[in-house]
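The residues making up each chain are set out below.
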Amino acid sequence: MKDLIRYSLLIIAFYFTSEQHLHAQEKTGGERVTIKEEKPTNSSSYRGGSSGPLKETTSSSFNNEEVIKEIKAQLATMATKPLMELIEFCKKNTIQGEFVIDLTIEGKGKVLTVFMVSGGEDNIPKKNLLKNKLVELQFENIKIPKKERVKLRYTLNF
Amino acid sequence: MKKIAIILIALFAFLGTQAQEEMRQEFTKEIDHSFDYTAKSDNQGYCYASSDKEITVLDTKTGAIKWNKKFSEISNELRKVDEIIPLWESNVIFVFDRKMGKDKMACIDALTGSLLWISSNYQDVEEDNIIYVSELNAFAVSTKESLTMVKARTGEELWQTSKFKGIVGYYVYLPDGTITMINMKSTLLGSLFSGFKNQIVKINTKNGDVIWDQVYRGVVEKKVLTHERLVKMEIKDNNVFLYMNGIQVFDFSTGKPLWAAVYDQTPSDVVKNKKPAGARKFGAYGVVAEPVVVGDYIYVLDLVNKRNQYLKKYALKTGKMIWQSAEIKDARAIPGIYVMGDKVVLQVGGQVELQYQVVTKDATTSTIEMENVKPMNVQCFNAITGEQLWESEKMKKGLTNLFLTQGNVIVCSGKAFYSMDLTTGKENYEMPLKEDNIGEADLIIPYKDQAVIIGEKGVSTRKISDGSLTASSKFRRSTPITYNNQYIYGESTLALATPKSDYAVYDVSTCKYKSFDAHKGASAYLSDDGLSLYVFESGSLTRKSKFTKLSAK
């Protein structure tokens, strides 16, 4: 009898966790992505997305278009405090060139994953430095629901 | 007359000692420094001996020194090295110079000794934090904060994600470029403060995308001295099977938990009474058998509490319980489940592994030993219905392990060797091990038509068909050299080591051995083909350090 109760509870627990997980999967749409191109505006010391940044949107019920648009706008203008610090950091460490990056973002604009797609291969310590700084980035005015993630591709040009 | 008898005894003793051959040395190479760290790779053909300040890399075929350097010569950022991790497939050696929050991790070309890169990005990294992905020639480093994929030879960081945190408990890499892994606590205190959460994740290793993440149940245990992890994971038929205190099954595509049969008891607790007084670290292993998968079914033990245990059969695909055995009364340890045809055999009680460390004012003593846990018996169940068919209590006083072959259960009580009919439990034979002259048996291993019996003081072989003794050779009180439960290397080589670093390398087909007495504290490795024994002896002020290759044949 004890066993029966134990395993019933276990099955119920798994049912709930799997339901939550499925909910998240449906919303983020798993691996399915579409890619669009978009031209950003340039700033004086930094040319963002000059080669045409890539945008990834997921086919989910959560509309992340607005979030991606906002993040890209912030990357294009580099006007927020963390992004201005990024520019300063690159200047100080003489990090130059074009870097294609994938960013996965959650919550209030916290960077979850950084994938250095290309760029900087000629100076790996500096490329690693940039990646470390990108991981610490915090975007402003972003609200991504819990268990949701937004992924985008962008070209940074320092 | 008395005189003649004494002379004869002396003569026999002399002949007896002469009969035991010493191993032939293929070469001995002197090393100019003492060392604490040694390792070898047969595939790559080199080995190293290193102290915290200096390392020497040698060719395992010829003994030639490939290179020797002080770590401070490799990089002026390195002083005293605290840990060395070889990544053989990539021909690199990682060395760690730890300084509270300022750990340096350097990557050295193992073939030339030149520095490839050095970084202080990775703090508190140990061997368990590194996974090598040969397909990418890169490795994933997990830290308290994140998981980073790093190109092995350049140090280029391909991606970093903060979605996975903690030490890697176990991982499975698939050719589709995904890695499925679970995390584990580094230390109990550390995990409490950092808000540790059990995670099982599937990650695309090419870009760091977390495809799914889920929570698993339980605590991944590590052996207290040898640090082997007590967890396994398998991916089969689009399912992830996590074996840890039972089984948990997840959908490989979505991560959805499908079913589980897990128990919350910590197996070590069942034999807490074996903990020696004053032991700081203590663990008992092999107390509960790992689940056994046969076809579409899995046989798994359920520890409801320390005294109540059941054997259960589940359908792998659905998680439906097919049957549950009657209570296995009073069992404190069930180290083995064996399945053959429509029979399931349980080894109840018997030898379990104890690892402990006792700290006294004078010394710290680490011990690994086998200990018999009572009660001991062998039980057989009908695999279709779960009904108990027979129980043998012949091995009341001792039980090593057992194996099934040709419709028989081959088992050893430590003092006698048995064969029992799998269907009825009736004894085919009972053979006392006195004439083997190897002390009490610790382990039996099937080898062709024989059983190799590893005793406290030597090895013997017996025919499985009638239990008759084929051969035996007494050595000294010793334990086998084993790695990942492999005892026999190559065709027929098995090695024993005494606590004083004396080695005996047996040919189990004849049960003859050759020996080599090294200096106490030496470390030894059998080659994968079982043809050689490599012995590293660290020197002192009066004695040179040595690397010796011995022929095992």
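Residues numbered from 1 in each chain as written. Chains lettered and ligands numbered in written order. Predicted model: local features only at pLDDT ≥ 70, side-chain atom pairs only at ≥ 80, totals over all residues.

**Points about the overall build of chain B**
Each helix and strand in chain B was counted, giving four helices and 45 strands. In terms of overall size, chain B behaves like a compact globule, its C-alpha atoms giving a radius of gyration of 26 Å where 553 residues would be expected to give roughly 24 Å. Every one of the 553 residues in chain B was classed for burial, and the buried ones make up 40%. For chain B, the share of sequence-separated contacts (at least 6 apart) that also reach a separation of at least 24 residues comes to 44%. (Helix = DSSP H or I, 4+ residues; strand = E, 2+ residues; numbered from the N terminus. Rg over C-alpha atoms; globule rule 2.2 N^0.38 Å. Buried ≥ 20, exposed ≤ 12 C-beta atoms within 10 Å, placed from the backbone. Contact = placed C-beta atoms within 7 Å.)

**Looking at the overall build of chain A**
Counting its secondary structure elements, chain A contains four helices and five strands. When each of the 158 residues of chain A is scored for burial, the buried share is 30%. In chain A, the share of contacts with a sequence separation of at least 24, taken over all contacts with a separation of at least 6, comes to 68%.

**Some remarks on the interface of chain A and chain B**
Tallying the contact residues gives 21 residues for chain A and 24 residues for chain B. Secondary structure elements with two or more residues in the side of chain A that touches chain B: α1 (2–28), β4 (110–118) and α4 (124–135) of chain A.

**A short note on the nonpolar core**
In terms of nonpolar packing, the biggest core is built from 171 residues, with Ile453, Ala495, Tyr503 and Leu533 of chain B touching the most fellow members. Setting aside anything within four residues of it in sequence, one finds Ala495 of chain B in contact with Pro480, Ile481, Tyr503, Ala504, Val505, Leu526 and Leu533 of chain B. (Core = buried A, V, L, I, M, F, W, Y, C linked by C-beta atoms within 7 Å.)

**What to know about α4 of chain A**
The terminal C-alpha atoms of α4 of chain A, which comprises 12 residues, lie 16 Å apart, in line with the 16 Å expected from a rise of 1.5 Å per residue. If you check which residues of α4 of chain A are buried, you get Lys127, Asn128, Leu130, Lys131 and Val135 of chain A. Considered in projection along α4 of chain A, the buried side chains sweep an arc of 160 degrees and stay on one side of the axis. Those residues of α4 of chain A hidden inside the fold are in contact with α3 (81–92), β3 (98–106) and β4 of chain A together with β13 (157–161) of chain B. (Expected span 1.5 Å × (residues − 1). Arc of directions from axis to C-beta.)

**Here's the deal with the sheet that holds strand β33 (residues 416–421) of chain B**
All names here are of chain B. Read across the open sheet, the four strands follow the order β31-β32-β33-β34; overall the sheet is antiparallel. Of all strands in the sheet, those bounded by a partner on one side alone are β31 (402–405) and β34 (427–432). Across this sheet, the average inter-strand angle for adjacent strands is 15 degrees, counted without regard to direction. In the sheet, strand β32 (residues 408–412) pairs with β33 via five bridges, with the strands oriented antiparallel. Residue pairing for β33: Ile410 is matched across the bridge by Ser419. (Pairing = 2+ DSSP bridges. Axes fitted to C-alpha atoms, helices over the stretch in contact; angles between N-to-C directions.)

**Let's talk about the sheet that holds strand β5 (residues 65–70) of chain B**
Residues and elements named next belong to chain B. Taken in spatial order, the four strands make up an open sheet running β2-β3-β4-β5, and their pairing is antiparallel. Whereas interior strands pair on both sides, the edge strands pair on one side only; in this sheet they are β2 (37–41) and β5. Looking at each pair of strands side by side, their axes are set apart by 10 degrees on average, direction ignored.

**What about α3 of chain A?**
Residue and element names in this part refer to chain A. Look at α3: 16 Å from first C-alpha to last across 12 residues, which is about the 16 Å you get at 1.5 Å a residue. Within the span of α3, buried status applies to Leu83, Leu86 and Cys90. Down the axis, α3 shows its buried residues gathered within 45 degrees of arc, on one side only. Of the exposed residues in α3, the ones pointing more than 90 degrees away from its buried face are Lys81, Met84, Glu88 and Lys92. Positioned one or two residues after α3, Thr94 has a phi angle of 45 degrees, which is positive.

**Regarding the confidence of the model for chain B**
Residues and elements named next belong to chain B. Residues with a pLDDT of 70 or more make up 93% of chain B, whose mean pLDDT is 89. Here residues 1–18 is modelled with pLDDT under 50, and outside its nearest four sequence neighbours on either side it reaches zero contacts, counting other chains as well. The ipTM, which scores confidence in the relative placement of chains, is 0.77 for this predicted complex, and the corresponding pTM is 0.79. (pLDDT = per-residue confidence, 0-100.)

**Details of unusual backbone geometry**
Residue and element names in this part refer to chain B. Cis rather than trans, the peptide bond between Lys374 and Pro375 has omega equal to -5 degrees. With respect to the secondary-structure elements, Pro375 resides in strand β29 (residues 364–382). At Gln406, a residue that is not glycine, the phi angle is positive and equals roughly 45 degrees. Looking at where Gln406 falls in the secondary structure, it is placed in the loop between β31 and β32. A count of 11 C-beta atoms within 10 Å places Gln406 in the exposed class.

**Some details on the environment of Glu66 of chain A**
Residue and element names in this part refer to chain A. Its location among the elements puts Glu66 in helix α2 (residues 65–77). For Glu66, a count of 11 C-beta atoms within 10 Å puts it in the exposed group. Put simply, Glu66 and Thr155 are 89 residues apart on the chain and 19 Å apart in space, counted from C-alpha to C-alpha.

**Brief notes about the pairing of strand β21 (residues 257–262) of chain B**
Where burial is concerned, most of β21 of chain B is hidden: five out of the six residues are buried. Where strand β20 (residues 246–251) of chain B hands over to β21 of chain B, the hairpin turn is made up of five residues, of which Gly255 of chain B adopts a positive phi near 85 degrees.

**Things to note about the pairing of strand β40 (residues 493–497) of chain B**
Residue and element names in this part refer to chain B. Judged by how many residues are buried, β40 sits mostly within the fold: five of five residues are covered. Where burial is concerned, the two faces of β40 agree: the one with Thr493, Ala495 and Ala497 and the one with Leu494 and Leu496 are both buried. Two elements, strand β39 (residues 479–480) and β40, share two bridges in a ladder whose sense is antiparallel. Across the sheet, residue Thr479 finds its bridge partner in β40, namely Ala497. Bridge count between β40 and strand β41 (residues 502–507): five bridges; the pairing is antiparallel. Its bridge partner lying in β41, Leu494 is registered against Tyr506. Joining the antiparallel neighbours β40 and β41 is a turn of four residues, in which Ser501 adopts a positive phi near 65 degrees.

**A short note on the environment of Lys80 of chain B**
Residue and element names in this part refer to chain B. Here Lys80 lies in the loop between α2 (71–74) and β6 (83–87). With 82 residues separating them in the primary sequence, Lys80 and Ser162 have C-alpha atoms 31 Å apart. In contact with Lys80, not counting residues within four places along its chain, are Asp52, Lys53 and Asp97.

**Here's the deal with the environment of Lys374 of chain B**
Take Lys374 of chain B: it is sitting in strand β29. Spatially, the C-alpha atom of Lys374 of chain B lies 14 Å from that of Gly286 of chain B, the residues being 88 residues apart in sequence.

**A look at the confidence of the model for chain A**
A residue-level look at chain A finds 61% of positions with pLDDT of 70 or above and a mean pLDDT of 72. Contacts for the low-pLDDT stretch residues 7–45 of chain A, under 50 throughout, to residues beyond four places or in other chains number 57 contacts.

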